[in-house]
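What the coordinates show
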Amino acid sequence: MTRSGLRMLLAAQPGITVVGEAADGVEAVEQARRLRPDVVLMDVRMPRRNGIEATRQLLAAPAAPGGPGGPPKVVVITTFENDDYVTAALSAGASGFVLKRLPVRQIAEAVRVVAAGEAILFPAALRRMVAARPLASAEALPKAALTGREEEVLRLMATGLSNPEIAEALRVSLETVKTHVGNVLTKLGAQNRTHAVVIAYESGLVVPGFAG
């Protein structure tokens, strides 16, 4: 009932088309591979295979021949506000993490933002997560040879700014920011922008309390 209700509510949101739904983690991976959605909204607690493991398996799979390039983006959704889930979801490659108790418009916005290549995770949650359980990526930044501008973009990413907001702050074009973000992810070997921000905190480039 919860899944069906969420599907109906999301389908009613502008710009979102729900192409399928699954009852458990095994079916979720099978459906996603067959339907090739842009975004998967993945529950944490599911029968047969939990959402974290399903996310890991889905994102590790190569793109289907003739299909869209790359796996879908994953937004993990759960009832439980638990930093362990955040850590596990990021480690699995998820791009976002939202709570079921949020209004549906906020969940829909999370889907849109992740589909556009952004990430959904508040900086405060990142700081708590890094302090509690580092992802062992602290050496990545010193070896990455980021330019001064790329480091500046990464710092702004760490404050939770979107690409358009970074472009406004730096007085550069959105395409320029996208290029810098892409370079940062490549040089850091980061799975997504949230993972890149975690690396920034672990390396000391960004410290708790940084506000831009």
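Residues numbered from 1 in each chain as written. Predicted model: local features only at pLDDT ≥ 70, side-chain atom pairs only at ≥ 80, totals over all residues. Heavy atoms only, no water.

What follows covers the overall build of the protein. For the protein, the helix and strand inventory stands at eleven helices and three strands. Helices and strands appear in the protein in the N-to-C order α-α-β-α-β-α-β-α-α-α-α-α-α-α. Looking at the protein residue by residue over its 212 residues, the buried ones come to 43%. Taking contacts inside the protein between residues at least 6 apart in sequence as the whole, the part at least 24 apart equals 59%. (Helix = DSSP H or I, 4+ residues; strand = E, 2+ residues; numbered from the N terminus. Buried < 20%, exposed > 50% of the residue type's maximum accessible area, 1.4 Å probe, protein only. Contact = heavy atoms within 4.5 Å.)

To continue, consider helix 9 (residues 163-170). Within helix 9 the residues assigned to the buried category are N163, I166, A167 and L170. Looking straight down helix 9, one finds its buried side chains confined to an arc of 100°; they lie on one side. Summarising the contacts, the buried residues of helix 9 are in contact with helix 8 (148-158), helix 10 (174-188) and helix 11 (193-203). Once helix 9 ends, the next one or two residues include R171, with phi positive near 60°. (Arc of directions from axis to C-beta.)

Before going further, it helps to spend a moment on the environment of S162. Within the fold, S162 resides in the loop between helix 8 and helix 9. Taking the C-alpha atoms as reference points, S162 and V177, 15 residues apart in sequence, are found 9.9 Å from one another. Residues in contact with S162, not counting those within four places in the same chain, are E118 and R193.

So, on to the layout of surface pockets. The calculated volume of the largest pocket comes to roughly 990 Å³. Along the wall of the largest pocket there are 36 residues; nearest its centre are V18, G20, E21, V40 and L41. Secondary structure elements with two or more residues in the lining of the largest pocket: helix 1 (2-11), helix 2 (25-35), strand 1 (39-43) and helix 5 (104-115). Grouping the amino acids of the lining of the largest pocket by side-chain chemistry returns 22 nonpolar, five polar and nine charged. (1 Å grid on protein atoms, 1.4 Å probe; cavity = no way out; pocket = protein on both sides within 12 Å on 5 of 7 lines; lining within 4 Å. Points joined across faces, edges and corners; volume = space filled by probe spheres on them. Nonpolar A, V, L, I, M, F, W, Y, C, P; charged D, E, K, R; others polar.)

This part is about the confidence of the model for the protein. Chain-level statistics for the protein give a pLDDT mean of 78 and a share of 77% at 70 or above. The least confident element of the protein, judged by mean pLDDT, is helix 6 (residues 123-132) at 57; the most confident is helix 10 at 91. A low-confidence stretch, residues 63-67 stays under pLDDT 50, and its non-local contacts, those more than four residues away or across chains, total five contacts. (pLDDT = per-residue confidence, 0-100.)

Every α-helical turn comprises 3.6 residues, leaving residues that sit three or four positions apart pointing alike. Among the residues of helix 3 (residues 51-60), those classed as buried are G51, I52, A54, T55 and L58. Down the axis of helix 3, the sector holding all buried residues measures 160°, keeping them to one side. The N-capping residue of helix 3, defined by a side-chain oxygen 3.0 Å from the backbone nitrogen of I52, is N50. (Polar contact = N/O pair within 3.5 Å; in protein donor to acceptor, adjacent residues only side chain to side chain.)

Inspection of the secondary structure puts E150 in helix 8. Of the residues examined, E150 reaches a relative accessible area of 4% and is grouped as buried. A polar side-chain atom of E150 sits 2.9 Å from a polar atom in the side chain of K187.

Right, let's talk about the side chain of Q13 for a bit. Structurally, Q13 can be placed in the loop between helix 1 and helix 2. Non-local contacts of Q13, meaning those with residues more than four positions away in its chain, are made with V104, R105, A108 and R112.

Turning next to the nonpolar core. In a soluble, globular protein the nonpolar side chains are often hidden away together inside. One finds V153, L154, M157, I166, V184, L188 and A196 to be the most contacted residues of the largest nonpolar core, which totals 21 residues. Looking at this core, the elements with two or more residues in it are helix 8, helix 9, helix 10 and helix 11. Apart from residues lying up to four places away in sequence, A196 is in contact with L154, M157, V184, L185, L188 and A190. (Core = buried A, V, L, I, M, F, W, Y, C linked by side-chain atoms within 4.5 Å.)

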